[in-house]
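Architecture and fold: a report
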Amino acid sequence: MHRPHRESAVRHRIYSPPAPAAPFEAFPGRGRTKGDAVAPSPPLPDELASAPPRRRAPSPRRLRAPPPDEPASAPTSDAACCLCAPPRRLDAPILFDGMPAQNRGKEDEGAAVETGEEDRLGALPDALLHQEAVRTCVLAQRWRHLWKSAPGLRIGCLRNDEPVSVATLQRFVNCLFSLRGASPLHTCKLRIGDFSKEGDEDRVNLWFRHAVASKVREFKLHVEDNDYMDPWLSLDDRALVSHHLTRLKLYAVRCHDNFLDFASCSALEHLELEYCHISSATKISSESIKSLSITNSPFSNDSRLRIYAPNLLSLHLDEFWSMAPILENMPSLVEAFVRVTDDCSDCCNKLYHTGKACNCEYCDSGNIGNGSSVLLKGLSKARKLVLISKPEMFIFKRDLRWCPTFSMLKTLVLDGYWCARDDFSALACMLEHSPVLEKLTLQLFSEEPDYIFEMKGTFSSMKRSSAISEHLKIVEIKSEDFDKRVFKVLKFPCTFNITFSC
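These figures come from a predicted structure and were not determined experimentally. (Residues numbered from 1 in each chain as written. Predicted model: local features only at pLDDT ≥ 70, side-chain atom pairs only at ≥ 80, totals over all residues. Heavy atoms only, no water.)

Assigned secondary structure in the protein chain consists of 12 helices and 20 strands. Taking all 502 residues of the protein chain together, 46% fall into the buried category. For the protein chain, restricting intrachain contacts to residue pairs at least 6 apart in sequence, the fraction spanning at least 24 positions comes to 62%. (Helix = DSSP H or I, 4+ residues; strand = E, 2+ residues; numbered from the N terminus. Buried < 20%, exposed > 50% of the residue type's maximum accessible area, 1.4 Å probe, protein only. Contact = heavy atoms within 4.5 Å.)

With that settled, the discussion passes to helix α11 (residues 425–432). With six of eight residues buried, α11 lies mostly within the body of the structure. Those residues of α11 not exposed but buried are A426, L427, A428, C429, M430 and L431.

Right, let's talk about the pairing of strand β8 (residues 270–274) for a bit. Residues L271 and L273 line the buried face of β8, whereas the alternating positions H270, E272 and E274 sit on a face that is not buried. Inspection of the sheet shows strand β6 (residues 247–251) paired to β8 by five bridges, in the parallel sense. Bridge pairing links Y251 to E274 in β8. (Pairing = 2+ DSSP bridges.)

The way to describe two aromatic rings as a pair is by their centre distance and the angle between their planes. Applying the stated criterion across every chain yields a total of 11 aromatic pairs. When the ring of F208 is compared with that of F219, the centres are 4.4 Å apart and the planes differ by 10°; the resulting orientation is stacked. One end of the pair, F208, is in helix α8 (residues 200–213); the other, F219, is in strand β4 (residues 218–223), and 11 residues separate them in sequence. An aromatic cluster is defined as three or more aromatic residues linked by ring pairs; in this entry it consists of F208, F219, F259 and F262. Cation over ring: K283 sits above Y308, and NZ or CZ is 5.2 Å from the ring centre. (Phe/Tyr/Trp six-rings, centres within 6.5 Å; stacked < 30°, edge-to-face > 60°. Lys NZ or Arg CZ within 6 Å of the ring centre and 35° of its normal.)

Right, let's talk about the sheet that holds strand β9 (residues 283–285) for a bit. The strand order across the open sheet formed by three strands is β9-β11-β13, and the pairing between neighbours is parallel. Looking at strand neighbours, the two that pair on one side only are β9 and β13 (326–327), the edges of this open sheet. Note: strand β11 (residues 306–308) against β13, two bridges, orientation parallel. When the bridges of β13 are listed, R306 appears paired with I326.

A few words on the packing of helix α7 (residues 166–180) against α8. Put simply, α7 and α8 touch, their axes get as near as 11 Å, and they point 30° apart. By the angle between their axes, α7 is roughly parallel relative to α8. The hand of the α7/α8 crossing is left-handed. Contacts from V166, A167, L169, Q170, V173, N174 and F177 of α7 reach α8 at D200, R203, V204, W207 and H210. Looking at the contact of α7 with α8 residue by residue, the class counts come to seven nonpolar, three polar and two charged. (Axes fitted to C-alpha atoms, helices over the stretch in contact; angles between N-to-C directions. Parallel < 35°, antiparallel > 145°, perpendicular 65-115°, else oblique. Left-handed = near helix turned anticlockwise from the far one by under 90°. Nonpolar A, V, L, I, M, F, W, Y, C, P; charged D, E, K, R; others polar.)

A separate point is the environment of W207. Considering the arrangement of structural elements, one finds W207 in helix α8. Taking the C-alpha atoms as reference points, W207 and Q170, 37 residues apart in sequence, are found 9.8 Å from one another. In contact with W207, other than residues within four places in its own chain, are V166, L169, Q170, V173, N174, F177 and L190.

Before going further, it helps to spend a moment on the pattern of salt bridges. In this structure the tally under the stated criterion is 11 salt bridges. Across the salt bridge formed by R254 and D230, the nearest N and O atoms sit 2.6 Å from each other. A residue pair is termed long-range when its members are at least 10 positions apart, and R254 in strand β7 (residues 253–254) and D230 in the loop between β4 and β5 (233–234) qualify at 24 residues. You can call R254 buried: its relative accessible area is 17%. (Salt bridge = Lys/Arg side-chain N within 4 Å of Asp/Glu carboxyl O.)

Before going further, it helps to spend a moment on the pairing of strand β10 (residues 291–295). Burial analysis of β10 places four of its five residues in the buried class, the great majority of the element. In terms of strand pairing, β8 meets β10 through five bridges, oriented parallel. When the sheet's bridge partners are listed, H270 is paired in β10 with S291. In this sheet, strand β12 (residues 314–318) lies alongside β10 in parallel orientation, the contact comprising five bridges. Note on β12: the bridge partner recorded for S291 is S314.

Turning to the environment of D230, a few remarks are in order. You can call D230 partly exposed: its relative accessible area is 38%. With 24 residues separating them along the chain, D230 and R254 place their C-alpha atoms 9.8 Å apart. At a separation of 2.6 Å, a polar atom in the side chain of D230 contacts the side chain of R254. (Polar contact = N/O pair within 3.5 Å; in protein donor to acceptor, adjacent residues only side chain to side chain.)

With respect to the helices, strands and loops of the structure, S380 is situated in the loop between α9 (349–352) and β15 (384–389). According to the relative accessible area criterion, S380 is buried, its value standing at 8%. Of the polar contacts made by the side chain of S380, one reaches the backbone oxygen of K377; its length is 2.8 Å. If we ignore the near neighbours within four places in the chain, the residues touching S380 are P404, T405, F406 and S407.

A few words on the nonpolar core. In terms of nonpolar packing, the biggest core is built from 106 residues, with L248, L250, F259, L387, F396, W418 and L440 touching the most fellow members. The residues contacting L440, other than those within four sequence positions of it, are L412, L414, L427, L431, L472, I474, V475 and E476. (Core = buried A, V, L, I, M, F, W, Y, C linked by side-chain atoms within 4.5 Å.)

Here you go:
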């Protein structure tokens, strides 16, 4: 059989009218079994044989980047779950022809029918394509604009990549939100690096507000660690207004009073602030949140931050800087974790160094006569409590002077702070004010979660002290080693007829 010349075959594939095509092969070589025959090309018509050769249509990879005043068609990036960004190159927005965006949809729908080709990829369900919306939009004509309705955005969240600056993201994200229009969002995750250029903070705030206007339900803003003297990106001091936002997670941003008043976010249930600067704020307020986590965040050194969350179910307060916050009444609280570290400014020298002079709030009787509690009163309705503190911090012992009754507390976890320097008055006070306590755990002299030494105690007889809960069944003592300090601690529970076994 005569085999056409290579150049003629190329011209034939360009100029010949469409013929019945074999099924589209998305991945060359797949789906073809050994021995499948490939039909030879028919001879080139005489009227085309003499035509000058023409260049093959350029592939999408060779297309130029759009000029600044030319609208882009579709951003590209690496997607993992919905839509991901940023693009490494900005020459990808023009992946398709120059057809206006408003006309593409209708012509794309009938393209496969006109050519007689069977669009098997285009027949896949939209829900599947949303997982890789940007990268799959080049494989089938029906998918070209499907990314615009993707319910989730992940911008700057490329795996194992360095964070991308706001300046690099600017054109991509502006184009992205502009082309999406009013399509609603379920999730939006924004991860940024450098924001040192003028106007960068304003751009990030604009993207945040655009996501909220798109009825986003879950929003996460993560500002990567940097070497700035002031590493926190400042959010606008304006109240958020959304009846759709349910989860908000912020990392390395600066928050102010108006922003932290979530009265206009009626659906917000989960709030997480990590490494967020809250020193200029006086109150965090929300009647809807059920879970609140604040970790590694600076508070004010001049006045105590107030936290008002009457419907809160779970509280996680860890490694806060400066003064401990005032927890207002939380009648629905189920569990709480509070740890006071060296970053807290509520410290007393006398608690750490015997005989050393100190004029802290705990030692100065003139500053503690108001009878107000900082932490414990707000935690008094919890079912489970974990209270951990450095020995020199006075805030818990200060609150014990007006110790509330923990009327619903069933599980209590304490560290060595509550029985430091052979002083068990703080531990005794907690037990006396926990009438329905069922389980007590003492994690002694170790901050690590793994303990080498562990003992469980039970009552040796029916006789027990009226000072502790009649419901108390289990007492656990965990330590990294058994030494004199642990032995002294063991003597205290034994006064309540509790015996221990390893």
